[in-house]
There are 2 protein chains.
Amino acid sequence: MDPIDELNENLVEFFDRMSSWEQSVIQQGKLNVAGAHAIEKLGQFGSMSMKDLSKALGVTTGTTTITVDRLENGGYAVRERADNDRRSYIIRLTEKGNDAYLDHHRHHLSFAKEIASFLTDEEIECFTAVLEKINREI
Amino acid sequence: MDPIDELNENLVEFFDRMSSWEQSVIQQGKLNVAGAHAIEKLGQFGSMSMKDLSKALGVTTGTTTITVDRLENGGYAVRERADNDRRSYIIRLTEKGNDAYLDHHRHHLSFAKEIASFLTDEEIECFTAVLEKINREI
DNA sequence: ACACATAGTTTGAATATCAAACAATATATA
DNA sequence: TATATATTGTTTGATATTCAAACTATGTGT
């Protein structure tokens, strides 16, 4: 079989499984999908403006307004006035929001741990190195 | 840095990039997200009942009714009576539906090809082998 | 027969998302 | 400085997605 075909098949299946996994993790929590994604971005990249958050999430600013409204109501995040631009807000995770992020992060980590559990050290190293290369190049 | 942390970071980033890629590919086509996913499942696993399709997609049968209605209206799929159970339908891709599947498949293939283009043969082999192992074990 | 289970559809409500209009503020240009 | 233009975020109105629950038709077991 063509190595590319083989790579593709395994890639598609892996992506599919990871999607299901991610969705089930989100559904276990109290946040809706949009809120969970927003918290993940804010946790990963730190506080940012509505515009940058919209861009990171791949949605319009109107949609982000709703998402952040809900996060604020739930006590997960706050809007803070930007110092330099009075039109702009910086969205910051509260302690509760950060806890939610860390919880999600722990889930990811245990997923990675599970994967690593049935790989040899050499395989882990190779797999990580290739992923890093792909992330850099794509 | 802990190898697990490193694996996790790269995994999360890779998944994120692949999600964006998948979404942009779907948006280039004429199908909505649900329809595109349904066609992918039907193309991959072959014709199946509404119930099995719902399960494969991770949605309720009510949602799948809408999705398949639209695929049928667009000429991508047909409902066929199941031989053994008159309550049940088998959803089958039409030629147009199969073309759409093949087109999507080609996109995936060119994605895999792009990835492979900056990996060595050895890296491709290792990466594929690890993915296969993960898919088998998870 | 009869009750119960299952496949799929319909319905009504909740949620998500967008594009466009809008208000407030910033920036560039005359 | 004044004025036009651009940008940030919100609001609005419309459309799309999805679900749970009720429903129809059919199957299964007692």
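See the structure printed just above.
Residues numbered from 1 in each chain as written. Chains lettered and ligands numbered in written order. Predicted model: local features only at pLDDT ≥ 70, side-chain atom pairs only at ≥ 80, totals over all residues. Heavy atoms only, no water.

**Student:** Any details on the state of the cysteines? Residues and values, ideally.
**Tutor:** Linking two cysteines covalently through their sulfur atoms gives a disulfide. One pass over the structure, following the stated rule, counts one disulfide over all chains. Paired through a disulfide, A:C126 and B:C126 show a sulfur-sulfur distance of 1.8 Å. Linking A:C126 and B:C126, the disulfide has an S-S dihedral of approximately -140° and is accordingly described as left-handed. Separated into two different chains, A:C126 in helix α6 (residues 121-137) and B:C126 in helix α6 (residues 121-137) make up a pair that spans both. Taken as a pair, A:C126 and B:C126 share a single burial class, namely buried. (Disulfide = S-S within 2.5 Å. Helix = DSSP H or I, 4+ residues; strand = E, 2+ residues; numbered from the N terminus. Buried < 20%, exposed > 50% of the residue type's maximum accessible area, 1.4 Å probe, protein only.)

**Student:** A description of the protein's contact with DNA strand D should follow, citing residues and the corresponding values.
**Tutor:** Around DNA strand D, the surrounding shell holds 19 residues, and the nearest of these are A:K51, A:T65, A:R87, B:T63 and B:R70. Here DNA strand D approaches the protein such that, of its atoms within 4 Å, sugar and phosphate make up 75%. Separating a phosphate oxygen of DNA strand D from a side-chain N or O atom of A:R79 is a distance of 2.8 Å. Taking B:R70, its side chain carries an N or O atom lying 2.3 Å from a phosphate oxygen of DNA strand D. Elements represented by at least two residues in the surface near DNA strand D include exactly α3 (50-57) and α4 (61-73) of chain A together with α4 (61-73) of chain B. Element by element, the count of residues in the surface near DNA strand D is highest for α4(A), at three residues. (Near = heavy atom within 4 Å. Polar contact = N/O pair within 3.5 Å; in protein donor to acceptor, adjacent residues only side chain to side chain.)

**Student:** Now, about the side chain of A:T128: what can you tell me, with residues and values included?
**Tutor:** With respect to the helices and strands, the residue A:T128 is situated in helix α6. Once residues within four sequence positions are removed from consideration, A:T128 is found in contact with B:E6, B:L7 and B:N10. (Contact = heavy atoms within 4.5 Å.)

**Student:** So what's going on with the protein's contact with DNA strand C? Which residues, and what values?
**Tutor:** Surveying the vicinity of DNA strand C reveals 19 residues, the closest of which are A:R70, B:K51, B:T65, B:R79 and B:R87. Here the atoms of DNA strand C within 4 Å of the protein split so that 77% fall in sugar or phosphate, with bases taking the remainder. In this structure, a phosphate oxygen belonging to DNA strand C sits 3.2 Å away from a main-chain N or O atom of A:T60. Here B:R87 contributes a side-chain N or O atom positioned 2.3 Å from a base oxygen of DNA strand C. Secondary-structure elements contributing two or more residues to the surface near DNA strand C are α4 of chain A together with α3 (50-57) and α4 of chain B. At three residues, α4(B) tops the list of elements feeding residues into the surface near DNA strand C.

**Student:** Can you explain the nonpolar core? Please cite residues and give values.
**Tutor:** With 40 residues, the main nonpolar core has A:L11, A:F127, B:L11 and B:F127 as its most contacted residues. Contributing elements (two or more residues each) for this core: α1 (3-28), α5 (95-117) and α6 of chain A together with α1 (3-28), α5 (95-117) and α6 of chain B. Among all residues touching B:F127, those that are not within four sequence positions of it are A:L7, A:L11, A:C126, A:F127, A:V130, A:L131 and A:I134. Counting residues in hydrophobic clusters, the runner-up holds 17 residues, among them A:A38, A:L42, A:M48 and A:V68. (Core = buried A, V, L, I, M, F, W, Y, C linked by side-chain atoms within 4.5 Å.)

**Student:** Which residues make up the relation of the copies chain B and chain A, and what values do they have?
**Tutor:** Least-squares fitting of chain B to chain A yields an RMSD of 0.2 Å, with the transformation described by 0.0 Å of translation along the axis and a rotation of 179°. Classification of the inter-copy transformation places it as that of a two-fold axis. Every residue of chain B has its C-alpha some distance from the rotation axis, and the shortest such distance is that of B:F127, at 2.9 Å. The share of interface residues of chain B whose copies in chain A are also at the interface is 100%, consistent with both copies meeting through the same surface. (Least-squares fit on C-alpha atoms with pLDDT ≥ 70 in both.)

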